[in-house]
Amino acid sequence: MQKSLDRKLAAIHADPSGCREFILADAKDADMATGLGAPGESPERHDGEVRFKTLEEYRRQMRLVARQELVDIMLMSASSNHALTFGERLFADSPVTPAIRANDTTDIFLARGSSYAAEPSRPFRTASLDHAMCGHLDCKPEERALGANLGLYSVTFNNDLGHDLATMERFHAFREEAERKGFRYFLEVFDPNVETGLSPDVLPGYLNDMITRMLAGVAPAGRPVFLKVVYHGPRAMEELVRFDPHLVVGIMGGSAGTTRDAFQLLHDCREHGGRAALYGRKINNAENQLAFVQFLRLIADGQIDPVDAVKAYHAVLGKLGIAPNRRLEDDLQTTEQSMRYGGTSVAVPAMPAATAVAPSLVAAKPSTNGKPSANGATLGNGWRVPARPLVTESRPSRENGGAAAAFAATADGRPDFAKMSPVDRLAYHRARLGLGR
């Protein structure tokens, strides 16, 4: 079966200015950052008890989202890729492309009690490309198509010559290995994880320049299939998109935030030239991941406005008997905290409703591949009401305050890392990533 990612990339490159295809990825690779906490907290935990979901529960959600066939990429750790891509052949007859996190730089070392993320990011790679592609070292050429041939490679620039040079040297070595083995990658560029001396208004331009400067030395055979960057607003996005129409630009989802935060970010990315989005915590923390993904796809395809999508999503939860994390009026708000990466924030403006959709009209557009996307009554114009829950699990209602604890800051509101202890810096980075303290 042709992968939807390949079809969409071909369409985008055939008509960069007119194509409206949008690539959507689910990031279920957090076990390479937070370890046990990656799947999220278990709904069966007792007050005061830290109890996480299991790895099998995490992979169960990967199976459900992949079989839904609304995302184009399922990003996993190399170990989950081995279990699902090789062991279960989950993607063998699926339009969804399996992918691995190809490197795990030190700014995502977020073990409980650690302080690694408070220091300038250093390049590191646990995963083996051969393991991703064929399940063992030294793949034979004919074996390389058995597994995943796509990976996420991340870099973090801190305006520090020594650290940034080491990052680029390792990126160069990775590109050479990937090209020799026929392994594709998409490039993630994190915001700085320590103080850089760059003001917030200069940072987006610095990152855009570093991205284009670095890729200027890379021939087409070694370039990423698309970018994943922090959304710093319309100007920064449009500047990067306009520079090279064949550089497919996408955004990362950031911390969980409100449902409006997630939907608005995707909408704004699309409106200003972005063609891809990779959401991890925003999907994983949703009350119902399949319903949440359905609305992400509708927004990505330009079929619903973020405000109406939030209302309709809450209507879905009501029909499924799932208590929402927040009241509807609270979930319709945009929050600065959810847009915070590396000490910068992007305020998401309220957008006028583009498509009026009654909150009672819910869930899925029928599948375009001939498979039913949901059971239930048709309401017209492709909308359906599910007759049964999309997943069996539900979570009790809880109020998420969302505001991070106060940290030392400079006069212009940026984090003052010099005044933070290693423990405070770790707490800050966990808060900006939505992982709690």
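Rules behind the numbers
- Along every chain, residues carry numbers that run from 1 in the direction the sequence is written.
- Reporting of local features is limited, given that this is a predicted model, to residues whose pLDDT is at least 70; pairs of side-chain atoms are given and counted only at 80 or more, and all residues count toward the totals for whole chains, interfaces and linings.
- Calculation of side-chain values draws on the structure's entire complement of heavy atoms; hydrogens and water are dropped beforehand.
- A pair of Phe, Tyr and Trp rings is counted when the ring centres sit within 6.5 Å of each other, with Trp represented by its six-membered ring. The angle between the planes then sorts it: under 30 degrees is stacked, over 60 is edge-to-face, the rest tilted.
- Only protein chains enter the accessibility calculation, which uses a 1.4 Å probe; a residue whose area is less than 20% of its type maximum is buried, one above 50% is exposed, and one in between is partly exposed.
- One speaks of a salt bridge when a side-chain nitrogen belonging to Lys or Arg is within 4 Å of a carboxyl oxygen belonging to Asp or Glu.
- By definition, any uninterrupted DSSP run of H or I lasting at least four residues is a helix, any uninterrupted run of E lasting at least two residues is a strand, and each is numbered from the N terminus.
- The quantity called pLDDT is the predictor's confidence in a given residue, expressed from 0 to 100.
- The contact criterion used is simple: two residues touch if any of their non-hydrogen atoms lie within 4.5 Å.
- We treat two strands as partners when DSSP finds at least two bridges between them.
- Counting rule applied: Lys, Arg positive; Asp, Glu negative; His and chain ends not counted.
- The definition of a polar contact used here is a pair of N or O atoms within 3.5 Å, where within protein one atom must be able to donate a hydrogen and the other to accept one, and adjacent residues in sequence count solely through side-chain atom pairs.

### Some words on the packing of aromatic side chains
Okay, step 1: All told, the structure shown has twelve aromatic pairs when counted by the stated rule.
Okay, step 2: Ring plane angle 85° and centroid distance 6.0 Å describe the contact between phenylalanine 109 and tyrosine 116, whose orientation is recorded as edge-to-face.
Okay, step 3: Given a relative accessible area of 24%, phenylalanine 109 falls into the partly exposed group.
Okay, step 4: When the centroid spacing of 4.6 Å and the interplanar angle of 15° are considered together, the rings of phenylalanine 186 and phenylalanine 226 count as stacked.

### Points about the pattern of salt bridges
Okay, step 1: Under the defined criterion, the tally for this structure stands at 21 salt bridges.
Okay, step 2: Residue aspartate 72 is joined to lysine 8 by a salt bridge in which the shortest nitrogen-to-oxygen separation is 3.0 Å. One end of the pair, aspartate 72, is in the loop between α2 (55-68) and β2 (73-76); the other, lysine 8, is in helix α1 (residues 4-14), with 64 residues separating them in the sequence.
Okay, step 3: Here lysine 8 falls in the buried class, since its relative accessible area comes to 5%.
Okay, step 4: Between aspartate 29 and arginine 101 there is a salt bridge, with the nearest N and O atoms lying 2.7 Å from each other. Of the two residues, aspartate 29 sits in the loop between β1 (23-28) and α2 while arginine 101 sits in strand β3 (residues 97-101), which places them 72 residues apart along the sequence. The same class applies to aspartate 29 and to arginine 101, which are both buried.
Okay, step 5: Among the charged side chains, a network of salt bridges with common partners joins Arg125, Asp130, Arg144, Glu177 and Lys181.

### Regarding the environment of aspartate 416
Okay, step 1: Along the chain, the position of aspartate 416 falls in the loop between β10 (383-386) and α13 (422-432).
Okay, step 2: Note: C-alpha distance between aspartate 416 and glutamate 195 (221 residues apart in sequence) is 7.4 Å.

### Examining unusual backbone geometry
Okay, step 1: With a phi angle near 65°, glutamate 69 is a residue other than glycine that sits in the positive phi range.
Okay, step 2: With respect to the helices, strands and loops of the structure, glutamate 69 is situated in the loop between α2 and β2.
Okay, step 3: Looking at glutamate 69, the relative accessible area reads 18%, which means it is buried.
Okay, step 4: Here the phi dihedral of aspartate 138 falls at roughly 60°; this positive angle occurs in a residue that is not glycine.
Okay, step 5: A residue is classified by how much of its surface remains accessible, and aspartate 138, at 65% relative accessible area, is exposed.

### What to know about the confidence of the model for the protein
Okay, step 1: Per-residue pLDDT for the protein has a mean of 84; in total, 76% of the residues score no lower than 70.
Okay, step 2: Overall, residues 337-405 carries pLDDT values under 50, and its contacts beyond four positions in sequence, including any with other chains, amount to 166 contacts.

### Topic: the pairing of strand β5 (residues 184-190)
Okay, step 1: Buried residues dominate β5, accounting for six of its seven residues.
Okay, step 2: For strand β4 (residues 150-156) and β5, the ladder comprises seven bridges, and the chain directions are parallel. Bridge pairing in β5 links threonine 156 to phenylalanine 190.
Okay, step 3: Relative to strand β6 (residues 227-229), β5 is paired through three bridges, and the arrangement is parallel. The residue of β6 that forms the bridge with leucine 187 is leucine 227.

### What about the side chain of aspartate 261?
Okay, step 1: Tracing the sequence through the fold places aspartate 261 in helix α8 (residues 259-271).
Okay, step 2: The side chain of aspartate 261 is buried and forms no salt bridge, while lysine 282, the nearest opposite charge, is found at 6.2 Å.
Okay, step 3: Reaching out from aspartate 261, the side chain makes a polar contact with the side chain of threonine 335 at a distance of 2.6 Å.

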